[in-house]
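The primary structure of each chain is shown beneath.
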Amino acid sequence: MDDTQGRTTKDGIRIYDQSDFAGMRASSQVTAQILDEVADLVEPGVTTAALDAFIERRVGELGATSATIGYRGYQHASCISVNHVVCHGIPGDKKLKDGDIINIDVTVILDGWFGDSSRMYVAGNLSRKAERLIQVTHDSLMVGIEQVKPGNTFGDIGHAIQKFVESNRMSVVRDFCGHGVGKVFHAPPNVLHYGRAGSGAMLEEGMIFTIEPMVNLGRPETKVLADDWTAVTRDKSLSAQFEHSVGVTADGCEIFTTSPAGRFHPTWR
């Protein structure tokens, strides 16, 4: 099916056929493979520009196109967010330092399907507080994914994430959210990572979207820097994020962006 076909709910959410899930699997696995491969390059002394150059090259070699190069004027194949950068960090010449935590976010287009995922990496040695932040953020994503099944609501996803994060004395960023994906990069719904159980649109088989909680060690407030992209924590506390693209199935969900090499969580090392 192309992007002009298919049913749309009253909330503007596209319903895909289960046969369309094959396209999402293929594009998402290109993204996941690249995120696996870049892990070996993340170490103190490397620049985020060098990581992005590797990602851009591999996108082409794997037969895909970068969804972010040229998107609203953005000129890189990834967003790379270090330490207190919440999201949309722009790759550059600054070198990673020992103990830096890094989120790398990649979206590719393959045969018209958008595969979108991000995960955390560590340069060198990991501090105890950063390790705990990364673990809580990862687990909050999985807690949210557990709520994905027909009959639940998007509020159930956000509520589960918020409850888990706040029970660990951390905060969920409110200024950014997950989104519908598939044959387009960003589409309804907005997938909030906080909220009230039972609220929002009801999940239906065939919906495809991202869940991508951003979690701060400090307060949830963010600000966007003068480059109009880079979002940072206002209190300069550490931030982490994990993102999967998922599709609602008849009795649960499918995670399209699983790591082929089991490297989604940085403790694989």
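Residues numbered from 1 in each chain as written. Predicted model: local features only at pLDDT ≥ 70, side-chain atom pairs only at ≥ 80, totals over all residues. Heavy atoms only, no water.

K.L.:
Describe in detail the UniProt feature "binding site: substrate" (unreviewed entry) in the protein chain, supporting the description with residues and values.
P.N.:
As recorded in UniProt, the sites labelled "binding site: substrate" (unreviewed entry) are His88 and His186. Judged by relative accessible area, His88 falls into the partly exposed class, the value being 28%. Every residue in contact with His88, bar those within four places of it in the chain, is listed here: Cys79, Ser81, Phe176, Trp229 and Thr230. Tracing the backbone shows His186 in the loop between β9 (178–180) and β10 (187–191). With residues near it in sequence (within four places) discarded, His186 still touches Tyr71, His179 and Gly180. Within the local environment of His186, its side chain forms a polar contact with the side chain of Tyr71, the two groups lying 3.0 Å apart. (UniProt positions renumbered as here; feature names shortened; annotations may be inferred. Buried < 20%, exposed > 50% of the residue type's maximum accessible area, 1.4 Å probe, protein only. Contact = heavy atoms within 4.5 Å. Helix = DSSP H or I, 4+ residues; strand = E, 2+ residues; numbered from the N terminus. Polar contact = N/O pair within 3.5 Å; in protein donor to acceptor, adjacent residues only side chain to side chain.)

K.L.:
Provide a residue-level description of the nonpolar core, including the pertinent values.
P.N.:
In this structure, Ile101, Phe154, Ile157, Met207, Phe209 and Ile211 are the most contacted members of the largest nonpolar core, which totals 31 residues. Broken down by secondary-structure element, the contributors of at least two residues to this core are β7 (113–122), α3 (128–145), α4 (154–167), β11 (208–211) and β16 (244–248). No other element matches the six residues that α3 contributes to this core. Counting residues in each nonpolar core, the second largest holds 23 residues, with Ile34, Val46, Ala77 and Ile102 among its members. (Core = buried A, V, L, I, M, F, W, Y, C linked by side-chain atoms within 4.5 Å.)

K.L.:
Tell me about the side chain of Asp116, and name the residues and values.
P.N.:
Turning to its location among the elements, Asp116 is positioned in strand β7. A distance of 2.9 Å separates the side chain of Asp116 from the side chain of Thr107, its partner in a polar contact. Contacts of Asp116, omitting those with residues within four sequence positions, involve Thr31, Asp105, Val106, Thr107, His179, Phe185, Thr210, Glu243, His244, Ser245 and Thr257.

K.L.:
Describe the UniProt feature "domain: Peptidase M24" (unreviewed entry) in the protein chain, listing the residues and the values that go with them.
P.N.:
With numbering matched to this structure, UniProt assigns "domain: Peptidase M24" (unreviewed entry) to residues 23–250. Within the segment residues 23–250, helix and strand shares are 27% and 26% respectively, and the terminal C-alpha atoms sit 18 Å apart.

K.L.:
Explain unusual backbone geometry to me, using residue names and the numbers behind them.
P.N.:
Here Pro188 and Pro189 are connected by a cis peptide whose omega angle stands at 5°. Its place among the elements puts Pro189 in strand β10. Of note in the backbone geometry, His88 takes a positive phi value of approximately 65° without being a glycine. Relative to the elements of secondary structure, His88 occurs in the loop between β5 (85–87) and β6 (101–110). Located in the positive-phi region is Lys236, a residue other than glycine, with phi close to 65°. Residue placement: Lys236 occurs in the loop between β14 (231–233) and β15 (239–241). The exposure class assigned to Lys236 is exposed, which follows from its relative accessible area of 65%.

K.L.:
Any chance you could break down the sheet that holds strand β8 (residues 171–172) for me, citing the residues and the numbers?
P.N.:
Spatial strand order, β8-β12-β15: three strands in an open sheet with antiparallel pairing. Only two strands of the sheet have a single neighbouring strand rather than two, namely β8 and β15. The pairing of strand β12 (residues 214–216) with β15 spans three bridges and is antiparallel. Residue Met214 lies in a different strand from β15, and its bridge partner there is Gln241. (Pairing = 2+ DSSP bridges.)

K.L.:
Let's hear about helix α2 (residues 48–61): which residues, and what values?
P.N.:
If you check α2, its first and last C-alpha atoms are 20 Å apart, about what 14 residues at 1.5 Å a residue would give, namely 20 Å. Turning to α2, its buried residues number three or more, namely Thr48, Leu51, Asp52, Phe54, Ile55, Arg58 and Val59. Down the axis, α2 shows its buried residues gathered within 160° of arc, on one side only. On the buried face of α2, the contacting elements are α1 (21–38), β3 (65–66), β4 (79–82) and β6. (Expected span 1.5 Å × (residues − 1). Arc of directions from axis to C-beta.)

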